[in-house]
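# Residue-level structure breakdown
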Amino acid sequence: MEDSSAFGEAFGERLRARATSFVRTLRHTQIAVTEVRNDDPPHGLSGDQIREDAFLVTVQLRDYPAHEYFEEGRIAGLTSLKAGETVLYDMKRNPQFLINNPIHSVHFYFPRAALELVADGAEAKRIDELRYQPGAGVDDAVMRGLVGSLRQAFEHPEQASRLFVEHVTLAACTHAATTYGGLRPATRPAHGGLAPWQIRRAEETLAADLEGDISLADLASDCGLSASHFSRAFRQSTGLSPHQWLLRRRVELAKSLLSDRKLTLSEVALACGFADQSHFTRVFSRLAGTSPGAWRRNSG
């Protein structure tokens, strides 16, 4: 795969900001989501970007009063961006902007090949481009919600579930293709869930890797489906996303291990795939309605 400057350290350097990225491979291409932040950046034009057939779909997390935007080295727009607004950038046009305010935003990276995979999974006609007004923000409640769901992942990247982040990033890709690219999925019967053998294989694979290191693409491939089709069919069959199913499986295992009082809460947390005890306590309390310690006391 060719180099990209649209995520990771290279992206942060061009924006003169700290960057935290999650990158996933999907059938010989990549999608990524990156948080960039600098409360006091040096002023000046952002760095040149590597030209590629890809888009950035960006959600502002703080106001940017003077967004002076350039494409192909020429000014293309001057707008005022508000926190929560979504902005689209075409990486074929070397997007740049004048850095003159504190920066805090989340950027989804979608190359052409990823948009085509989404279209193929929806059995829809492939889209030409994503429509946007250069430099302008739009009110997109769906994108705001998706970025909000990643808040904990960016605050504690060491605790982030690969499966969950990939699920959100793929959802953002599908939303962008539909909202800004005019993607129209084919009509499917209401009963389009997974076959029994596909449910069994997916659940066995998830249960065998409680740390959530398995990718959505790998799960889908095991079932002979695209990632977007698999994600939709899994929820239809189980009522849960793969990430939600995995969290419930972790909590059920934890309940059985808590009966062994020789195990500390930290040991139970690690045995069930949680990053640490605080992560374990937070998830267990949300799903079980009580803390692990209280569960242990009440079940004895």
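Residues numbered from 1 in each chain as written. Predicted model: local features only at pLDDT ≥ 70, side-chain atom pairs only at ≥ 80, totals over all residues. Heavy atoms only, no water.

## Points about helix α2 (residues 112-121)
Burial of α2 is extensive: seven of the 10 residues sit out of reach of the surface. Residues of α2 that are buried include every one of Arg112, Ala114, Leu115, Leu117, Val118, Ala119 and Gly121, and no others. Here the buried face of α2 lies against β1 (18-26), β2 (29-38), β4 (54-60), β9 (103-111), α5 (162-181) and α8 (227-238). Note on α2: the residue one or two positions beyond its end, glutamate 123, has a positive phi of about 55 degrees. (Buried < 20%, exposed > 50% of the residue type's maximum accessible area, 1.4 Å probe, protein only. Helix = DSSP H or I, 4+ residues; strand = E, 2+ residues; numbered from the N terminus. Contact = heavy atoms within 4.5 Å.)

## Here's the deal with the side chain of histidine 107
Along the chain, the position of histidine 107 falls in strand β9. Judged by relative accessible area, histidine 107 falls into the buried class, the value being 5%. Apart from residues lying up to four places away in sequence, histidine 107 is in contact with Phe11, Leu15, Ala32, Val33, Thr34, Val36, Leu56, Val57 and Thr58.

## Side note on the sheet that holds β1
Pairing within the open sheet is antiparallel, and its five strands lie in the order β1-β2-β9-β4-β7. Of all the strands in the sheet, just β1 and β7 (86-90) have a single pairing partner and so form its edges. Within this sheet the neighbouring strands show an average axis-to-axis angle of 15 degrees, counted without direction. Pairing of β2 with β9, which is carried by seven bridges, proceeds in the antiparallel orientation. When the bridges of β9 are listed, asparagine 38 appears paired with isoleucine 103. Contacts between α2 and the sheet are confined to β1, β2, β4 and β9, with β9 contributing the most and set at about 65 degrees to the helix. (Pairing = 2+ DSSP bridges. Axes fitted to C-alpha atoms, helices over the stretch in contact; angles between N-to-C directions.)

## Some remarks on the packing of aromatic side chains
One pair of aromatic rings is described through two measures. These are the centre distance and the angle between the planes. According to the stated counting rule, one finds nine aromatic pairs in the structure shown. Both rings, one in phenylalanine 22 and one in phenylalanine 154, keep their centres 5.5 Å apart while their planes meet at 55 degrees; by these two values the pair is tilted. Of this pair, phenylalanine 22 sits in strand β1 while phenylalanine 154 sits in helix α4 (residues 151-155), and the two are 132 residues apart along the sequence. Classification of phenylalanine 22 as buried rests on a relative accessible area of 10%. Residue phenylalanine 154 is classed as buried on the basis of its relative accessible area, which comes to 9%. Where phenylalanine 230 meets phenylalanine 234, the ring centres are 5.7 Å apart and the plane angle is 45 degrees; that geometry is what we call tilted. Note that phenylalanine 230 and phenylalanine 234 are positioned in helix α8 at a spacing of four residues, about one turn of the helix. Assigned by exposure class, phenylalanine 230 and phenylalanine 234 land together as buried. Three or more aromatic residues joined by ring pairs form one cluster here, namely Phe274, Phe280, Phe284 and Trp295. (Phe/Tyr/Trp six-rings, centres within 6.5 Å; stacked < 30°, edge-to-face > 60°.)

## Structural notes on the environment of histidine 167
Summarising the element assignment, histidine 167 is placed in helix α5. Classification of histidine 167 as buried rests on a relative accessible area of 18%. Those residues in contact with histidine 167 that lie beyond four places of it in its chain are Leu216, Ser231, Arg235 and Ser241. Polar contacts involving the side chain of histidine 167 include one to the side chain of serine 231, which spans 3.2 Å. (Polar contact = N/O pair within 3.5 Å; in protein donor to acceptor, adjacent residues only side chain to side chain.)

## Regarding the pattern of salt bridges
Evaluation of the coordinates by the stated rule reveals 15 salt bridges. Arginine 144 is paired through a salt bridge with aspartate 139; the nearest N and O atoms lie 2.4 Å apart. Looking at aspartate 139, the relative accessible area reads 63%, which means it is exposed. Taking the shortest distance from any N to any O, the salt bridge between glutamate 252 and lysine 255 comes out at 3.4 Å. Of this pair, glutamate 252 and lysine 255 both sit in helix α9 (residues 242-257), three residues apart, which is roughly one turn of the helix. Residue classification places glutamate 252 among the partly exposed residues on the basis of a relative accessible area of 47%. Where salt bridges share partners, they join Asp53, Glu71, Asp90, Lys92, Arg93, Arg112 and Glu129 into one cluster. (Salt bridge = Lys/Arg side-chain N within 4 Å of Asp/Glu carboxyl O.)

## Considerations on the pairing of strand β8 (residues 96-99)
Along any regular strand, the residues point their side chains to alternate faces of the sheet. Pairing between strand β3 (residues 44-45) and β8: two bridges, direction antiparallel. Its bridge partner being in β8, leucine 45 is matched across the sheet by leucine 98. Note: strand β5 (residues 64-71) against β8, two bridges, orientation antiparallel. Across the sheet, the residue bridging to phenylalanine 70 is glutamine 96, located in β8.

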